[in-house]
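# Results of the structural survey
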Amino acid sequence: MSTSALSPAFRLRGLRPDWLHDPKVWRTEVLAGLVVALALIPEAISFSIIAGVDPAIGLFASFTMAVTISVVGGRRAMISAATGAVALVIAPLNREHGFGYLVAAVILAGVFQIVLGALGVAKLMRFVPRSVMVGFVNSLAVLIFMAQVPEMRDVPWPVYPLIIGGLALMVFFPKITKVVPAPLVSIVVLTVITVAAGIAVPTVGDKGDLPSSLPVPGLPDVPFTMDTLTTIAPYALAMALVGLMESLMTAKLVDDITDTHSSKTRESVGQGIANIVTGFFGGMGGCAMIGQTMINVKVSGARTRLSTFLAGAFLMVLCIVFGPVVSDIPMAALVAVMVMVSFATFDWHSVAPGTLKRMPAGEIAVMAVTVACVVTTDNLAIGVVVGSVTAMVIFARRVAHLADVTAVTGPDGGAVVYTVTGELFFASSNDIVGRFDYATEADRIVIDLTAAHIWDASSVAALDAIETKYAQRGKTVEIIGLNEPSARIHARLSGELNGGH
């Protein structure tokens, strides 16, 4: 049937988002947004404390980041808000120069992210190996759990049964029905119990005062001078890089969970736009929130931009309209939700004995290094960078051992043909220099590179060194079998790397 044969109503329906014409999807997205909003409140307040700003600043940032990224972001259903990683980066700037400089840095970080996104920084994600990704996910789960530990120390004893009860509800309630997200049920039930029974336990209100009005746009209160720019630029660049790293890694993780593709370039630019908007509204900036994204996507089953938008919208509604009620939510309920998220996030299959037996030692080492770096530094970006570099070093060592040299002497003994196989680069080319017999009686040496490929200047320098060693003994060397790329780099660099010797 042609498109023209379809009714106008049917064609219009096909262009509308799923949640507009599917009540089940709409219900899932709305409830997921509500759960995320509830979980965002104590997190945003905690990150505000880390950054040294008023709790309302973190809540405003979470609101503007989520609402903006729901429109301009490249990964549907991903949650962006104020984060601990960004708070750690900008905290020294706020402490040493004041809040105005922090806001200016957030805006500049957004500009940097737009530029980096336009330059294609997202393409670097292809160089992140799977072992690093697994380590990233597992270290994320560990960090989420460790972040809940302070909420379980030096607290009244009823906190512990409340956490256990919340976990039990999230495990068993889905067996009854999945219409309402289990985390939302857990939060409501535990709040009703503590309020009705008058149980004195730490609540959301104990974290700080909730805002009573919407944020108002304005310019940062700083002198617009070159001195200001040089002061905020290093912090802005660090924030831009950390924010992009976490956001792109989270987007890749959601891609895998949902079996869908996302535009990493659009996400990079979108993060920049969201931070600029957040800065002009006096927020502390942010990036993708992995824990809240897991609540939204993996626990609640959200798949559209609606859940992201509503997470931010509900956040402000809960703070401004239902502030007194939200303040009574026991922290134990939110701790239970995050503990469940950490267990759901951890890739248990990756540490199963059967998996570890089959996995190469290098892959296990990369995963362990990634987890160790993240847990030690509390910085996911550092762990990803160190893990990726470790993987590249292990890969280089592995590939280097694949290069080989075999020699065949001619019938008359006047020539020796050396056949080189494998990839020639800095890690392998130096080894092959010692594989040649420079004391041979043959006068003519043939180096056959038909089964090899020259990748860098180190390989050309190694071949030059071999030719020089034979020339010093009065022997001639002929290199044959170069493929076109290898021939080009050899012709361009040969004889130029060792002072012409």
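What comes next concerns the included structure. Worth saying up front: this structure is predicted, and the values here are computed from it rather than measured. (Residues numbered from 1 in each chain as written. Predicted model: local features only at pLDDT ≥ 70, side-chain atom pairs only at ≥ 80, totals over all residues. Heavy atoms only, no water.)

### Structural notes on the state of the cysteines
- Using the criterion set out here, one finds zero disulfides in the structure.
- For the unlinked cysteine Cys319, the closest cysteine sulfur is that of Cys287, found at 20 Å.
- Cys319 gets classed as buried once you look at its relative accessible area, which sits at 3%.
- Take Cys373: it sits in no disulfide, and the sulfur closest to it among the cysteines is that of Cys287, at 19 Å. (Disulfide = S-S within 2.5 Å. Buried < 20%, exposed > 50% of the residue type's maximum accessible area, 1.4 Å probe, protein only.)

### Quick notes on the nonpolar core
- Counting residues in each nonpolar core, the largest one holds 106 residues, and the members touching the most others are Ile41, Leu59, Phe136, Met284, Ile295 and Leu315.
- For this core, the element with the most residues is helix α3 (residues 23–51), which contributes twelve residues.
- Formed by 24 residues, the second largest nonpolar core is a distinct cluster that contains Ala403, Phe436, Ala442 and Ile445. (Core = buried A, V, L, I, M, F, W, Y, C linked by side-chain atoms within 4.5 Å. Helix = DSSP H or I, 4+ residues; strand = E, 2+ residues; numbered from the N terminus.)

### Comments concerning the pattern of salt bridges
- This model, assessed by the stated rule, comprises six salt bridges.
- A salt bridge links Lys207 to Glu151; the nearest nitrogen and oxygen atoms lie 2.4 Å apart. Taken together, the residues span a long stretch of sequence, with Lys207 in the loop between α9 (182–197) and α10 (226–258) and Glu151 in the loop between α7 (130–148) and α8 (159–176) at a distance of 56 residues.
- Given the relative accessible area of 18%, Glu151 is considered buried.
- When the shortest N-O distance is used, the salt bridge between Asp255 and Lys264 registers 2.5 Å.
- Among the charged side chains, a salt-bridge network with shared partners connects Arg75, Asp255 and Lys264. (Salt bridge = Lys/Arg side-chain N within 4 Å of Asp/Glu carboxyl O.)

### A short note on the packing of helix α17 (residues 361–377) against helix α18 (residues 380–400)
- Put simply, α17 and α18 touch, their axes get as near as 8 Å, and they point 160° apart. In terms of their interaxial angle, α17 and α18 are classed as roughly antiparallel. In the packing of α17 onto α18, the handedness of the crossing is right-handed. Packed against α17, whose contacting residues are Gly362, Glu363, Ala365, Val366, Val369, Thr370, Cys373, Val374 and Thr377, the element α18 presents Leu380, Ile382, Gly383, Val386, Gly387, Thr390, Ala391, Ile394 and Arg398 at the interface. (Axes fitted to C-alpha atoms, helices over the stretch in contact; angles between N-to-C directions. Parallel < 35°, antiparallel > 145°, perpendicular 65-115°, else oblique. Left-handed = near helix turned anticlockwise from the far one by under 90°. Contact = heavy atoms within 4.5 Å.)

### Description of empty space enclosed by the protein
- Scanning all chains against the criterion turns up two cavities of 30 Å³ or more.
- Each pocket or cavity is described by its volume, and for the largest cavity that value is around 50 Å³.
- If you trace the largest cavity, you find it lined by Ile69, Ser70, Arg75, Arg76, Ala77, Met78, Ser80, Glu267, Arg305 and Thr308.
- Elements with a minimum of two residues in the lining of the largest cavity: α4 (55–72) and α13 (305–320). (1 Å grid on protein atoms, 1.4 Å probe; cavity = no way out; pocket = protein on both sides within 12 Å on 5 of 7 lines; lining within 4 Å. Points joined across faces, edges and corners; volume = space filled by probe spheres on them.)

### A word on unusual backbone geometry
- For Ala77, which is not glycine, the phi torsion reads 75° and is therefore positive.
- One can find Ala77 in the loop between α4 and β1 (80–81).
- The exposure class of Ala77 is buried, given its relative accessible area of 1%.
- Within the chain, Asp259 stands out as a residue other than glycine whose phi angle is a positive 55°.
- Among the structural elements, Asp259 can be located in the loop between α10 and α11 (264–280).

### As for helix α21 (residues 484–493)
- Of the positions making up α21, those classed as buried are Ser486, Ile489, His490 and Leu493. The buried residues of α21 occupy one face: seen down the axis, they fall within an arc of 100°. Exposed side chains of α21 directed beyond 90 degrees from the buried face belong to Glu484, Ala491 and Arg492.
- Looking at the buried positions of α21, the neighbouring elements they touch are β5 (444–454), α20 (457–471) and β6 (476–480).
- Looking one or two residues beyond α21, the residue adopting positive phi is Gly495, at roughly 85°. (Arc of directions from axis to C-beta.)

### Points about the layout of surface pockets
- Volume-wise, the largest pocket comes out at about 830 Å³.
- If you trace the largest pocket, you find 32 residues lining it, with Glu43, Phe47, Gly84, Leu143 and Ala147 closest to the centre.
- Residue assignment for the lining of the largest pocket shows that the elements contributing at least two residues are α3, α5 (84–97), α7, α12 (290–299) and α15 (331–345).
- Grouping the constituent residues of the lining of the largest pocket by class yields 20 nonpolar, seven polar and five charged. (Nonpolar A, V, L, I, M, F, W, Y, C, P; charged D, E, K, R; others polar.)

### Some remarks on α11
- An ideal rise of 1.5 Å per residue puts 24 Å on 17 residues; α11 measures up with 25 Å between its terminal C-alpha atoms.
- For α11, the full list of buried residues reads Lys264, Glu267, Ser268, Gly270, Gln271, Gly272, Ala274, Asn275, Ile276, Thr278 and Gly279.
- Here the buried face of α11 lies against α4, β1, α6 (99–118), α10 and β2 (287–288).
- Phi turns positive, to about 75°, at Gly282, one or two residues after α11. (Expected span 1.5 Å × (residues − 1).)

### What about the sheet that holds strand β3 (residues 404–409)?
- If you trace the four strands from one edge of the open sheet to the other, you get β3-β4-β5-β6, paired in mixed fashion. Of all the strands in the sheet, the pair left with one neighbour each is β3 and β6. Each adjacent strand pair in this sheet contributes to an overall mean axis angle of 20°, direction not counted.
- With six bridges joining them, β3 and strand β4 (residues 415–424) adopt antiparallel strand pairing. From the neighbouring strand, Thr406 faces β4, where its bridge partner is Thr419.
- The strands touched by α21 within the sheet are β5 and β6, with β5 carrying the most contacts at an inclination of about 120°. (Pairing = 2+ DSSP bridges.)

### Describing the packing of α6 against α11
- It is at 7 Å that the axes of α6 and α11 come closest, and there the two elements cross at 165°. Classified by the interaxial angle, the pair formed by α6 and α11 is roughly antiparallel. For the pair α6 and α11, the crossing hand works out as left-handed. On α11, the residues that touch Val103, Val106, Ile107, Gly110, Val111, Gln113, Ile114, Gly117 and Ala118 of α6 are Thr265, Ser268, Val269, Gln271, Gly272, Ile273, Asn275, Ile276, Gly279 and Phe280.
- Taken together, the residues of the contact of α6 with α11 break down into ten nonpolar, nine polar and no charged.

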